[in-house]
Amino acid sequence: LAARCSRVTLKSSPLTLRIVAECPVTKARVCDLILPHCTVNTPVFMPVGTQGTLKGITVDQLEDLGCQICLGNTYHLGMRPGPDLIEKANDLHGFMNWKRNLLTDSGGFQMVSLVELSEVTEEGVKFKSPYDGKEILLSPEKSISIQNSLGSDIMMQLDDVVSSTVTGPRVEEAMHRSVRWLDRCIAANKNPHKQNLFAIIQGGLNSKLRKACLDEMTKRDVPGFAIGGLSGGEEKDDFWRMVTLSTDHLPREKPRYLMGVGYAVDLVVCVALGCDMFDCVFPTRTARFGSALVPWGSLQVKQKQYAKDFQPIDPDCQCPTCKRHSRAYLHALFKSDTAAMHHVTIHNISYQLTLMRSVRQSIMEGRFPEFIQSFMKRMFPSRDQYPSWTVDALASVNITLQ
Amino acid sequence: MAGGRMQLELSRVVQGRSRLGVLKGLGRTGQHSLEVPGCLLYTHFGTVPHLTQDTLHTLRNLPSVTQVTLSNIAEHQEVLEEFKDGFRKFAGLHDTVVYCSLHDPATLCPTGYTTNKTVSVWGSGGRIELTVAKFMALQKTVQPDWYQSMADGETWQNSTSRKRVRKSVDRTLAHLDECLLVHQKSQELDGVEVFGVVEGGDILEERVRSARETAKRPVAGFCLDGLQTASMDQRLRTQLITAVNKELPEDKPRLLQGVGRPDEVLACVEAGVDLFESFFPFQVTERGCALCFSFDISPDPERAVLELSEEKDAAGDTKQNGDLNHDDQTQMTSFEINLKDKRYQDDFRPLVEGCGCYCCKNHQRAYLHHLLVTNELLAGVLLMIHNTSHYHGFFSALREALAKDKLDLLKTRIFNPLNFTDATKTGMKDGLCASRPHTG
């Protein structure tokens, strides 16, 4: 008996959250999120590498920018190259050769946003494959099975995704179904000791429904929670209220992941509202169109006005692009080579990660409220240009914007 | 004339034609050098296609000379004039020699626009007409370390008449004389080298005439134009280059434009060419292929014979294929593998076993296949890194072969019978790319 016991090792949880600092004014916190591949410092922005690559950027470049976790997409990778091949390649980490953490979403969002012919039933989401027209069912079990093959450090439950602009009984139906699907996902997870399954809070823009969802889902012992169903086309006034309602009722000792949020202003405000993790395609997608993110908004490098502008995108930026190239060079390069896109992608990822690092630093040093003030001042030409929702949201956490 | 310090030091001349040596005294301060036979670093507007500095510098032993082309630069003349400090600084290029050519070797220009006084280049906004005055104004703005003089090389089409060829020789000489006149008067071009351009189409007498006349001018070296891959077969090319080189001074370098295939490079080195443009790896990258031919010249001739027969077997095997894009097939050479092919879907080997490039050290064929099938930008980045590395490895091996009298061994690798015209039409073969270790 003793011999048998000695072979049973108590596996530690694949996720540990250490709260490093909490802002005394807002709901912001700084954490170290210890995951199987490395520690992630939060608040964190996670770049999206949809098809097992961050468009045009090597894993080394991503690592050099300080990225500790990025996203892969279950729908896309589940279609091409498929879970079996990725398993053969030593999971998605092995396939991409990314040594740090990966988060995969469930495929649910793409189902609804990309695939026209989808039908949602209790079983799962039915759709027609865009490649061979075959009918496919993405069930909670199937989604988790694919994500198990992908081997991501954080997996998302399959949720019944409903657009935030939808109202009526469908929203309630989706919320309850998402709870049932969460349970099915938990049951289906083959690797609870290696892969963390996050729940996704739904309920649309209805406080009652969202609260009900929070009550139910927090009963399940999942390692983390995402706030879903937002960042669609809804009004920002409704958006922030749902975010703060959610963080009010999520456990303190578990990470809070706000899905699909990536604009700088949104990030800063939602950190103040208590969120730890964010993802968005926007920074990398907009880069490919020549749009560079800067502390005062964005800069469309392809515009004529930059043809003779010999300073870098942001003179204060330390990214490889800004250290070597001017707006004028990039402007011209967009006419000659794809590398122009890569330069801006690198800059934008650097911008996002640096922003989060600055936020984190300011919280740790007890000056997050001051940081918010100067951030907003830099971003907007004047106080009366501050979006009203940001004023309200920050006021709700004791920040009066000057 | 305030010339530069470019100097060709030959250490060997093999069989009276193939030359091995170093081109020294490059750059404004003359501190750079380039081994010959060698190639220039091909760029689009100063950027190696798909690559930023970080990805570029995963490559070691890059050529010290960066090629830029007026076809990319001409439309930005105003910007560069306002910048004032030259193209090298504008592009963020540090510590490299800048060579400025007229055309981009990877793209064939539309014909019919050249006149007695002008040549045209095509930028992103359309055609830009250059007189010698404008050409030289551009050189003064670009401030390269070295450039080719303006030339009419529109003789590469099969239907070019004798009269037209003669005109191209005459015009090119006239352009050269005008360029040199302006050059001598320009302080901005103090220390900058000029290469004359030898034309002559496929007509031997015109080639000889062009070479003789160009050699009379005070140029630092010679570009051989109108011999592009598309224009003629290698036999004729060798014949013409041999005749041309007889007329050129031995101590000045010869740069062949528009030829990049390894077998053609080898043949042209044997005909006395020193320098090439490295656009071939870019073309291979654009068709989703990876260079993988062996240039291993390690000392085991018996193994070489064994491997040759193994290659033939492998080639026989590979006749059953997955889908293949027909367009790729007609341009593809047997120096490369087409990673879009289904067979690579679960091939977890690196592109080339033993290749030390970033792509081969970090990624597998299956991943590259996935990136190509899903149209991901990273495919271009990784393939460009590998193809550039492989190509420069080939040149390195070529120099080593010349130094150690192993050119014949290298030729058995490169001039594989599978390689001749049929190879590209009869279906994809691994051909020269049957995977095995090689030094590179």
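Conventions used here
- Residues numbered from 1 in each chain as written.
- Chains lettered and ligands numbered in written order.
- Predicted model: local features only at pLDDT ≥ 70, side-chain atom pairs only at ≥ 80, totals over all residues.
- Heavy atoms only, no water.
- Helix = DSSP H or I, 4+ residues; strand = E, 2+ residues; numbered from the N terminus.
- Rg over C-alpha atoms; globule rule 2.2 N^0.38 Å.
- Buried < 20%, exposed > 50% of the residue type's maximum accessible area, 1.4 Å probe, protein only.
- Contact = heavy atoms within 4.5 Å.
- Areas by Shrake-Rupley, 256 points an atom, 1.4 Å probe, with all protein chains shown as cover.
- Lys, Arg positive; Asp, Glu negative; His and termini not counted.
- Charge placed at Lys NZ, Arg CZ, Asp CG, Glu CD.
- UniProt positions renumbered as here; feature names shortened; annotations may be inferred.
- 1 Å grid on protein atoms, 1.4 Å probe; cavity = no way out; pocket = protein on both sides within 12 Å on 5 of 7 lines; lining within 4 Å.
- Polar contact = N/O pair within 3.5 Å; in protein donor to acceptor, adjacent residues only side chain to side chain.
- Points joined across faces, edges and corners; volume = space filled by probe spheres on them.
- Pairing = 2+ DSSP bridges.
- Axes fitted to C-alpha atoms, helices over the stretch in contact; angles between N-to-C directions.
- Buried area = accessible area lost by both parts, 1.4 Å probe.
- Salt bridge = Lys/Arg side-chain N within 4 Å of Asp/Glu carboxyl O.
- Nonpolar A, V, L, I, M, F, W, Y, C, P; charged D, E, K, R; others polar.
- Parallel < 35°, antiparallel > 145°, perpendicular 65-115°, else oblique.
- Left-handed = near helix turned anticlockwise from the far one by under 90°.
- Phe/Tyr/Trp six-rings, centres within 6.5 Å; stacked < 30°, edge-to-face > 60°.
- Lys NZ or Arg CZ within 6 Å of the ring centre and 35° of its normal.

Structural notes on the overall build of chain A
- Tallying secondary structure elements over chain A gives 17 helices and 16 strands in all.
- Scaling as 2.2 N^0.38, a compact globule of 402 residues should have a C-alpha radius of gyration of about 21 Å, and chain A matches this with 21 Å.
- Referenced to the eigenvectors of the C-alpha coordinate spread, the extents of chain A come out at roughly 70 × 50 × 50 Å.
- Taken across its 402 residues, chain A has 60% of its residues classed as buried.
- Sequence separation of at least 24 residues holds for 66% of the intrachain contacts in chain A that already meet a minimum separation of 6.
- For chain A, the accessible surface area stands at approximately 16,100 Å², while carbon and sulfur atoms represent 50% of it.
- Averaging the coordinates of the 46 positive side-chain charges in chain A and doing the same for the 42 negative ones gives two points 4 Å apart.

Re the UniProt feature "binding site: Zn(2+)" (unreviewed entry) in chain A
Residue and element names in this part refer to chain A.
- Per the UniProt record, "binding site: Zn(2+)" (unreviewed entry) is annotated on C317, C319, C322 and H347. Taken together, the annotated residues stretch across 31 residues yet fold into one region, lying no more than 8.4 Å apart by C-alpha.
- Within the secondary structure, C317 is located in the loop between β16 (297-300) and α13 (320-324).
- Along the chain, the position of C319 falls in the loop between β16 and α13.
- For C319, a relative accessible area of 2% puts it in the buried group.

Here's the deal with the UniProt feature "active site" (unreviewed entry) in chain A
Residue and element names in this part refer to chain A.
- UniProt's feature table lists "active site" (unreviewed entry) at D105 and D279, given in the numbering used throughout. The greatest C-alpha distance among the annotated residues, which extend across 175 residues, is 10.6 Å, indicating that they converge on a single site. The subset of these annotated residues that lines the largest pocket comprises D105 and D279.
- Structurally, D105 can be placed in the loop between β6 (101-104) and α6 (108-114).
- Classification of D105 by relative accessible area gives buried; the value is 10%.
- Other than its neighbours up to four places away in sequence, D105 contacts G72, N73, T74, Q110, Q147 and M156.
- Among the structural elements, D279 can be located in strand β14 (residues 277-279).
- Owing to a relative accessible area of 10%, D279 belongs among the buried residues under this scheme.
- When sequence neighbours within four positions are dropped, the list of residues in contact with D279 reads F45, M46, V48, L71, Y257, L258, M259, G260, V261 and G262.
- Engagement of the side chain of D279 in a polar contact is seen with the side chain of Y257, the distance being 2.7 Å.

Here we look at empty space enclosed by the protein
Residues and elements named next belong to chain B.
- Per the counting criterion, the structure on display carries 7 cavities of 30 Å³ or more.
- In this structure, the largest cavity encloses a volume near 360 Å³.
- Lining the largest cavity we find 25 residues, and of these H103, C109, W156, D225 and Q228 sit closest to its centre.

Considering the sheet that holds strand β4 (residues 38-42) of chain B
Residues and elements named next belong to chain B.
- Spatially, 8 strands are ordered β4-β5-β6-β9-β10-β11-β12-β13 in a closed barrel, and the strand pairing comes out parallel. For this sheet, the mean angle separating the axes of adjacent strands, direction not counted, is 30°.
- Alignment of β4 against strand β5 (residues 65-69), held across 2 bridges, turns out to be parallel. Across the sheet, L41 pairs through a bridge with T66, a residue of β5.
- Sheet contacts for helix α8 (residues 234-247): β10 (193-198), β11 (221-224) and β12 (254-256); angle to β11, the most-contacted strand, approximately 160°.

As for the interface of chain B and chain A
- Listed by partner, the interface residues are 42 residues for chain B and 40 residues for chain A.
- Roughly 3,500 Å² of surface becomes buried between chain B and chain A when both sides are summed, with 60% attributable to carbon and sulfur atoms.
- Of all residues in chain B, H370, E376 and L377 of chain B give up the largest surface area on contact with chain A, accounting jointly for 16% of the area buried on that side.
- Across the chain B-chain A interface, the total number found is 4 salt bridges.
- The shortest N-O distance in the salt bridge between E82 of chain B and K308 of chain A comes to 3.5 Å.
- In this structure, the connection of chain B to chain A is made through 17 residue pairs in polar contact (both at pLDDT 80 or more).
- Contributions of two or more residues to the side of chain B that touches chain A are made by α1 (53-56), α3 (77-83), α13 (358-362), α14 (365-373) and α15 (378-403) of chain B.
- Ranked by residue count, the leading element in the side of chain B that touches chain A is α14 of chain B, at 5 residues.
- Class assignment of the residues belonging to the side of chain B that touches chain A gives a composition of 19 nonpolar, 17 polar and 6 charged.

Describing the side chain of S210 of chain B
- Within the secondary structure layout, S210 of chain B lies in helix α7 (residues 204-216).
- Assessed through its relative accessible area of 1%, S210 of chain B is described here as buried.

Focus: the packing of helix α11 (residues 264-272) of chain A against helix α16 (residues 368-379) of chain A
Residue and element names in this part refer to chain A.
- Axis separation between α11 and α16 bottoms out at 11 Å; the angle between their running directions is 160°. Viewed along their axes, α11 and α16 adopt a mutual orientation that is roughly antiparallel. Our pair here, α11 against α16, has a crossing hand that is left-handed. Residues A264, V265, V268, V271 and A272 of α11 form the contact with α16, whose participating residues are F368, F371, I372, F375, M376 and M379.
- Of the residues contributing to the contact of α11 with α16, the split by class is 11 nonpolar, no polar and no charged.

Some thoughts on the packing of aromatic side chains
- What the rule picks out here adds up to 27 aromatic pairs over all chains.
- Residues W146 of chain B and F195 of chain B carry aromatic rings whose centres are separated by 5.0 Å and whose planes lie at 40° to one another, so their mutual orientation is tilted. Of this pair, W146 of chain B sits in strand β9 (residues 146-148) while F195 of chain B sits in strand β10, and the two are 49 residues apart along the sequence. An identical accessibility class is assigned to W146 of chain B and F195 of chain B; each is buried.
- Members of the aromatic cluster, connected to one another through ring pairs, are F276, F280, F293, F295, F335, Y391, F394 and F395 of chain B.
- Cation over ring: K236 of chain A sits above F239 of chain A, and NZ or CZ is 5.4 Å from the ring centre.

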